[in-house]
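In case you want the letters, here they are:
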Amino acid sequence: MKPAANDITLALTLLVRDEADIIDTVIDFHLQRDIDVIIVTDNASRDGTREILRKRAERGEIVLFDEPSDAYEQDRWATRMARIARDDYGADRVISSDADEFWMNPAGTLKQALRGRREKALRCERRNMVGDRDRLATDGWQQTLAYRATPPRAMPKLADRMRDPLPASYFTLSQPPKAVFATRDLHHIERGAHSASYEIGEADVGTCDIVVYHFPVRSRERFEASVKRIGTAVDANRDLPQKKSWKYRRWNRMRQCSGSIDDAFREALPDARALQAGVLAGELSIDTTMRSFFEARASERETSVSQAHRIERRSVAEALGRIVLVTGCGPTVDFDALLRRLGAFGPDRNDKGAVCKLHASVLRDQGIAPEIALHGIGNLSLQDDVTTHASALFEAIFRDVPALDLVVFSEPSLCRLLPLWNSMADSCGLAVATVIMVADPLRYANRLQAEHGLPIEQGLVGWLRCALACEEASRDRPRVFLDATHWRSDWRKAMRSLEAVTPGVWPPRDEAICMAIDRDFAATAGEDGPRFATIDKAVKVPDLILRAHTLLSDLVEEGETPEALAELDTIRQSFDAACELLGPANDALYRMARDREYRPANAAGRPSLRSRVFARPATANG
């Protein structure tokens, strides 16, 4: 990239060895930034990295040099590249990067953060990305490493750097910032590229808006290879101070003493339990800034794959967690219980957990009674607060369940809040599959009349609102439609349908558990009533509801078709007009909400959503 007249010339240098899993991604990312030249030194790679770099150099994307030495003279090689950038390419500033770092300016371009700055070294915040170490092998580093310390805990002063225990995973502790260096009079870039020395004068230091996303541990195997190679090299360099690259000395000694890399690997990254504890303590937070780039890049490279398959692969196989939501216009408790018996887990159904409280708070903010949200009262609009709500929902999930490998949630108000769950899933990297129970509208209305005294006509309108809301919010996402009444008669078929949209998630079925489920469902056979009961002719049901019921029943029996979905769209567009025809019933429905005092509170005096959901209960002593 040629800089504009009078603009600074910016160079990026990379020192790489055996980085085939990430080097293409790093180069692609920085080619999209305002960097004028990328200079790479390959240090005797043996895993295919050199071939990747050769092709990049032939296309003119990088300038490539080879360094065959095993001495790990990182500082000398980084300095050499910086001088080449200055002398041969006219670089005014140089970013001395590792192959696992992504440099960006959240507020604009890299050069915008550097223009007008006179300091020789501009420090940049480094964000070490961590995740559940046990998921790296199955989910890959792009999906797993999506958390960072906020802020990092201070690195303790260790009396014995080789033996003293660390208070937390190494990469959640504070690390020295990286820096962008001026090239004029540059003498030497220190190991780690945290500081530099100059031929004339001291290196005055400032800070800038650039941040560095660092993905230091991407697999157990690569971690072990790096520890062994770098640890051995720095131990052999007697001129190198002991405090330099001390973590590699430490981990290599742990490896040599135990005969395994496991202890060092456990010290580098947290497991699922430590990750959850960090999130709940506010010490770790999810950061999916780089995931959007990774996913867009993967999408570009898979243009021949259908959109449905891309969604499936991204949302299930590569997700940070996997959640099944059971919702719809029919009972959900029994299917929730079935999923738990088959390997899923979820919050205690006898306890109103954080997710349940958050649902209720969000609905109350919209003027909707949580306990009658299923009835279709009120219009739900979350656009203004969706980011805040999604973040709070993610925290609530962590409070309710110990891990996110396979979780089930079922709660009546889910049918109205699926857009919130979708937003949370997209921003936090979780896979959400939806099971939609399709109930007979008249049976549904009869149940609401028995439980809440609602007239049948109001119950039917509520059925249509909730049915359309579920279908619209779950479209183009993994989902299954089930007959709310009769899925028990062939629960294995129901599970096969769910497994088809959540591949590789469910554990092998225990035959003893399956036989017990068969016995339990056989004992209740005959209690379900006729399949999709005929609508009572004595009740005047709008044709819109009758047709929607038929279409959803077809989705249960025959699967989704473009024609059925198009007709559901037409019904959805006509729904407001249909509601006007049933104006008195809707007015009564809204009056019920008002009479029960579920109007939104004064925003100025209302506690925040987080304080309402996560507040500790008062004790007997106050």
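In this text, all values refer to a predicted model and were calculated from it rather than measured experimentally.

**Student:** How should the sheet that holds strand β3 (residues 63-66) be read in this particular structure?
**Tutor:** Within a sheet, neighbouring strands are paired by backbone hydrogen bonds and run either parallel or antiparallel to one another. The strand order across the open sheet built from eight strands is β3-β2-β1-β4-β8-β6-β11-β5, with neighbouring strands paired in mixed fashion. In this open sheet, the two edge strands, each paired with only one partner strand, are β3 and β5 (101-104). Ignoring which end each strand starts from, the neighbouring axes of this sheet average 30 degrees apart. Note that strand β6 (residues 121-128) and strand β8 (residues 178-182) share four bridges and pair antiparallel. Directly across from Cys 124, in β8, lies its bridge partner Lys 178. On the sheet, helix α2 (residues 49-58) packs against β1 (10-16), β2 (37-42) and β3 and is oriented at approximately 145 degrees with respect to β3. Across the sheet, helix α3 (residues 74-89) lies against β1, β2, β3 and β4 (93-98), angled at about 145 degrees from β2, the strand it touches most.

**Student:** So what exactly am I meant to see when it comes to the packing of aromatic side chains here?
**Tutor:** Two aromatic rings, taken as a pair, are described by how far apart their centres are and by the angle between their planes. Here the structure, examined in full by the defined rule, presents 20 aromatic pairs. An angle of 70 degrees between the planes, with centres 5.6 Å apart, marks the rings of Phe 215 and Phe 294 as edge-to-face. Within this pair, whereas Phe 215 is found in the loop between β11 (205-214) and α7 (220-236), its partner Phe 294 is found in helix α11 (residues 289-301), the two being separated by 79 residues in sequence. Exposure class is identical for Phe 215 and Phe 294. Each is buried. By way of ring pairs, the aromatic residues Tyr 170, Phe 171, Phe 223, Trp 246, Tyr 248, Trp 251 and Phe 265 are connected into one cluster.

**Student:** For this particular structure, what's the right way to read the sheet that holds strand β16 (residues 479-483)?
**Tutor:** If you walk across this open sheet you meet the four strands as β14-β13-β15-β16, and the pairing is parallel. Looking at the sheet topology across the chains shown, the edges are occupied by β14 (407-410) and β16. Strand-to-strand twist of the sheet, defined as the mean angle between neighbouring strand axes without regard to direction, takes the value 20 degrees. Bridge count between strand β13 (residues 321-328) and β14: four bridges; the pairing is parallel. Of the residues in β14, the one forming a bridge with Leu 325 is Phe 409. Along the sheet, helix α13 (residues 333-341) contacts β13, β14, β15 (430-438) and β16; its crossing angle with β14, the most-contacted strand, is approximately 170 degrees. In the packing of helix α16 (residues 414-428) onto the sheet, contacts are made with β13, β14 and β15, and the angle to β13 comes to roughly 165 degrees.

**Student:** Can you walk me through the pairing of β6 in this structure?
**Tutor:** Regular strands show a simple pattern: their side chains alternate between the two faces of the sheet. Counting buried positions over the eight residues of β6 gives six, a clear majority of the element. In this sheet, β11 lies alongside β6 in parallel orientation, the contact comprising seven bridges. Each bridged residue has a counterpart across the sheet, and for Leu 122 the counterpart in β11 is Gly 206.

**Student:** Please clarify how the pattern of salt bridges should be interpreted in this entry.
**Tutor:** Where charged atoms from two side chains of opposite charge come close, those side chains can pair. Per the counting criterion, the structure on display carries 49 salt bridges. A salt bridge links Arg 76 to Glu 73; the nearest nitrogen and oxygen atoms lie 2.7 Å apart. For Asp 518, the salt bridge identified is with Arg 492, shortest N-O distance 2.9 Å. Of this pair, Asp 518 sits in helix α20 (residues 511-523) while Arg 492 sits in helix α19 (residues 491-501), placing them 26 residues apart in sequence.

**Student:** So what exactly am I meant to see when it comes to the environment of Arg 297 here?
**Tutor:** Its location among the elements puts Arg 297 in helix α11. When the C-alpha atoms of Arg 297 and Asp 28 are compared, they prove to be 8.7 Å apart, with 269 residues separating the residues in sequence. In contact with Arg 297, not counting residues within four places along its chain, are Asp 24, Thr 25 and Asp 28.

**Student:** Looking at this structure, I do not really get the nonpolar core. What am I missing?
**Tutor:** Across soluble globular proteins, nonpolar side chains have a tendency to be buried as a group. Ranked by internal contacts, the top residues of the largest apolar core, which has 132 residues, are Phe 102, Ile 397 and Trp 421. Here this core takes ten residues from helix α18 (residues 456-474), the largest share from any one element. Residues in contact with Trp 421, not counting those within four places in the same chain, are Ile 323, Leu 325, Val 355, His 359, Leu 393, Ile 397, Phe 409, Leu 414 and Val 432. The next biggest cluster of nonpolar side chains, apart from the first, holds 26 residues, and it includes Leu 338, Trp 491, Ala 494 and Val 501.

Rules behind the numbers
Residues numbered from 1 in each chain as written. Predicted model: local features only at pLDDT ≥ 70, side-chain atom pairs only at ≥ 80, totals over all residues. Heavy atoms only, no water. Pairing = 2+ DSSP bridges. Helix = DSSP H or I, 4+ residues; strand = E, 2+ residues; numbered from the N terminus. Axes fitted to C-alpha atoms, helices over the stretch in contact; angles between N-to-C directions. Contact = heavy atoms within 4.5 Å. Phe/Tyr/Trp six-rings, centres within 6.5 Å; stacked < 30°, edge-to-face > 60°. Buried < 20%, exposed > 50% of the residue type's maximum accessible area, 1.4 Å probe, protein only. Salt bridge = Lys/Arg side-chain N within 4 Å of Asp/Glu carboxyl O. Core = buried A, V, L, I, M, F, W, Y, C linked by side-chain atoms within 4.5 Å.

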